[in-house]
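Here are the chains, one letter per residue:
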Amino acid sequence: MLLLFTACNTAKTDPAITGAATSVAAAQAADTVQAFLLQTDLVAKVQGYVQAMKVDIGDRVRKGQTLAIIQAPEVNTQVAQSLAAVQAAKAKLTASSDNYIRLYQASQSPSPGIVAPVDLVNSRNQMLADSASYEALRQQSNAYKEVSGYLYVTAPFDGVITARKADPGALVSSNAMLLTVQDNNTLRLRVAVPEIYVSTAGGNKTLSFSVDAYPQQRFTGALTRKTETIDPATRTELWEFDVDNRPHLLKAGTFVYAKIALGRSTPSFVLPPSAIATTLERKFVICVKDGKAEYVDVRQGMTTDAGVEVFGNLLIGDTLVTKATDERKPGTAAYWKLH
């Protein structure tokens, strides 16, 4: 029960401390939902002309699907030249290896002087040099093949195309953005929770929110991570909620109205805002004891529809002035009427 007092003179009183609140209403917050961890811009790795764009915005794609093809004849020429160089190096290595093997076998003959030692060493060194040259050209050819693979832009994961920046025939440079693909099956909602509410909402694992597109429908998100730090600029902690969006009702970037249920495990008192006075030096309520006014310093907690949560040297049954002001000095006596 909440008892109310009014005074017959200019002061009004309110003995609001007759019960302790263990939970309060929800706090409102607003933010936008974003795509989950999978969102990326697909860029051209080589310069060339766009030969084909196989998708457009709104198309759903599968991982590995070819999305665009770039035409770059010089890249194909490099690949052909590198393959020819590899074949020539391989043939040279085969000849030098065969020469070394023949000389080595001849050097093992019981007849002395058939092969000069210096010729055997030179043939072995030539074989090693040809082997190194062949391996270098082979690796270079593989690199050119990988570059030629960049002519085909593929989807890195399942998702939807949200942006298209090039058309067939356009000349694109390396690192020019072609498409944006996004996985919107799961959305991520980031909510900046004020520092004062961090401990009171810590037990909540879900969040309820609405969007303008569906005003009569409520959506929920599951708490997955917190920054575990307070941003000094905003005095808030960032919480992230994962939202199941497999029906694809929600769109990334949508502005949402979130509601976080707040509760405190320990008792606290909730007062009407007018019962709390604030000056440059202190925040206090006026408690009536033995018919006289007495200041009691308080610390403000949550603000809810029911009132303002406060902490201080207050007890259940204390009588408080309804409209607290520093004009009512400590020790002031009055006729206090219970109301």
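Structure's up top.
As the structure is a prediction and not an experimental result, all values here were calculated from the model.

Draft legend 1. Region of interest: the overall build of the chain. Helices and strands together make up the secondary structure of the chain, namely 2 helices and 21 strands. Looking at the chain as a whole, 37% of its 339 residues qualify as buried. The contacts of the chain with a sequence gap of at least 6 include a subset with a gap of at least 24, amounting to 73%. For the chain, the accessible surface area stands at approximately 19,200 Å², while carbon and sulfur atoms represent 53% of it.

Draft legend 2. Expanded view of the sheet that holds strand β8 (residues 159-164). Spatial ordering of the open sheet is given by β3-β10-β8-β5, a layout of 4 strands whose pairing is antiparallel. Every other strand in the sheet has two partners, leaving β3 (39-43) and β5 (60-61) as the edge strands with one partner each.

Draft legend 3. Local environment of the packing of helix α1 (residues 73-107) against helix α2 (residues 117-149). Relative orientation of the contacting elements α1 and α2 amounts to 160°, with a least axis distance of 8 Å. Between α1 and α2, the crossing angle belongs to the class labelled roughly antiparallel. Where α1 crosses over α2, the two elements pack in a sense that is left-handed. Across the contact of α1 with α2, the residue classes tally to 16 nonpolar, 11 polar and 7 charged.

Draft legend 4. The arrangement of the pattern of salt bridges in detail. One pass over the full model with this rule turns up 13 salt bridges. The closest approach of N and O atoms between Glu135 and Arg138, which form a salt bridge, is 2.8 Å. Placement of the pair is Glu135 and Arg138 together in helix α2, with a separation of 3 residues, close to one helical turn. Assessed through its relative accessible area of 31%, Glu135 is described here as partly exposed. Among the residues examined, Arg138 registers a relative accessible area of 31% and is labelled partly exposed. Taken together, the shared-partner salt bridges connect Arg190, Arg225, Glu240 and Asp242 into one network.

Draft legend 5. The environment of Phe209, seen in detail. Within the secondary structure, Phe209 sits in strand β12 (residues 206-211). Of the residues examined, Phe209 reaches a relative accessible area of 0% and is grouped as buried. Residues Phe209 and Ile260, spaced 51 residues apart in sequence, show a C-alpha to C-alpha distance of 8.6 Å. Discounting residues that sit within four places of it in the chain, Phe209 has contacts with Leu189, Gln217, Arg218, Phe219, Thr220, Gly221, Val243, Leu250, Val256, Tyr257 and Ala258.

Draft legend 6. Fine view of the sheet that holds strand β6 (residues 66-71). Reading across the sheet, the 4 strands line up as β7-β6-β4-β9 and stay open at both edges, with antiparallel pairing between neighbours. Only two strands of the sheet have a single neighbouring strand rather than two, namely β7 (152-154) and β9 (171-172).

Draft legend 7. Inspection of the packing of aromatic side chains at higher detail. Per the counting criterion, the structure on display carries 6 aromatic pairs. For the pair Phe209 and Phe219, a centre-to-centre distance of 5.7 Å together with 25° between the ring planes defines the contact as stacked. Here the residue Phe209 occupies a position in strand β12, and Phe219 occupies one in strand β13 (residues 214-226), the gap between them amounting to 10 residues. For Phe219, a relative accessible area of 10% corresponds to the buried category. With 6.5 Å between their ring centres and 45° between their planes, Trp239 and Phe241 make a pair best called tilted. Across the pair, exposure class does not vary: Trp239 and Phe241 are buried alike. Put simply, the rings of Phe209, Tyr214 and Phe219 touch in pairs and so form one group of aromatic residues. For the cation-ring pair, Lys45 lies above Tyr150, with the distance from its terminal atom to the ring centre recorded as 5.7 Å.

Draft legend 8. Region of interest: α1. Helix length check: α1, at 35 residues, gives a terminal C-alpha distance of 51 Å against a target of 51 Å (1.5 Å per residue), a fit within 8%. Taken residue by residue, α1 has Val75, Val79, Ser82, Val86, Ala89, Leu93, Ser96, Ser97 and Tyr100 as its buried positions. Those residues of α1 that are buried are in contact with α2.

Draft legend 9. Looking closely at the side chain of Thr236. Of note, Thr236 is situated in strand β14 (residues 236-244). A polar side-chain atom of Thr236 sits 2.6 Å from a polar atom in the side chain of Thr234. In contact with Thr236, other than residues within four places in its own chain, are Ala192, Val193, Pro194, Glu195, Thr229, Ile230 and Asp231.

Draft legend 10. Spatial organisation of the environment of Ala170. Tracing the backbone through its elements, the reader meets Ala170 in the loop between β8 and β9. Of the residues examined, Ala170 reaches a relative accessible area of 27% and is grouped as partly exposed. In sequence terms Ala170 and Gly48 are 122 residues apart; their C-alpha atoms lie 8.4 Å from each other. Once you skip the residues sitting within four places of it in the chain, Ala170 turns out to touch Gly48, Tyr49 and Val50.

Definitions and cut-offs
In this convention, every chain numbers its residues from 1, walking through the sequence in written order. Where totals are concerned, whole chains, interfaces and linings use all residues; where local detail is concerned, this predicted model gives features only for residues with pLDDT of at least 70, and gives and counts side-chain atom pairs only at 80 or more. Excluding hydrogens and water, the side-chain values take into account all heavy atoms of the structure. Only DSSP runs of H or I reaching four residues or more are called helices, and only runs of E reaching two or more are called strands; each is numbered from the N terminus. In this scheme, a residue with accessible area under 20% of its type's maximum is buried, one over 50% is exposed, and one in between is partly exposed, where area comes from a 1.4 Å probe on protein chains only. For this analysis, residues touch if any pair of their heavy atoms sits within 4.5 Å. To measure how exposed things are, a 1.4 Å probe is used in the Shrake-Rupley method; for residues, cover is taken only from the protein chains shown. Two strands make a pair as long as DSSP finds a minimum of two bridges between them. The axes are straight lines fitted to the C-alpha atoms, using for helices just the contacting stretch, and the angles between their N-to-C directions are given from 0 to 180°. For this classification, under 35 degrees means roughly parallel, over 145 means roughly antiparallel, 65 to 115 means roughly perpendicular, and everything else is oblique. Each helix crossing is assigned a hand: it is left-handed if the near helix lies turned anticlockwise from the far helix by less than a right angle, otherwise right-handed if that turn is clockwise. Under this grouping Gly is polar, as are all residues other than the nonpolar Ala, Val, Leu, Ile, Met, Phe, Trp, Tyr, Cys and Pro and the charged Asp, Glu, Lys and Arg. Each reported salt bridge corresponds to a side-chain nitrogen of Lys or Arg within 4 Å of a carboxyl oxygen of Asp or Glu. Two rings belonging to Phe, Tyr or Trp (six-membered ring only in the last case) form a pair when the distance between their centres is within 6.5 Å. Interplanar angles under 30 degrees mark stacking, angles over 60 mark edge-to-face geometry, and anything in between is tilted. Counted as over-ring charges are cases with an Arg CZ or a Lys NZ within 6 Å of the ring centre that also lie within 35 degrees of the ring normal. Given a helix with a known number of residues, its expected span is that number minus one, times 1.5 Å. Any pair of nitrogen or oxygen atoms within 3.5 Å is treated as a polar contact; in protein, a donor-acceptor pairing is required on top of that, and neighbouring residues in sequence qualify only through side-chain atoms on both sides.

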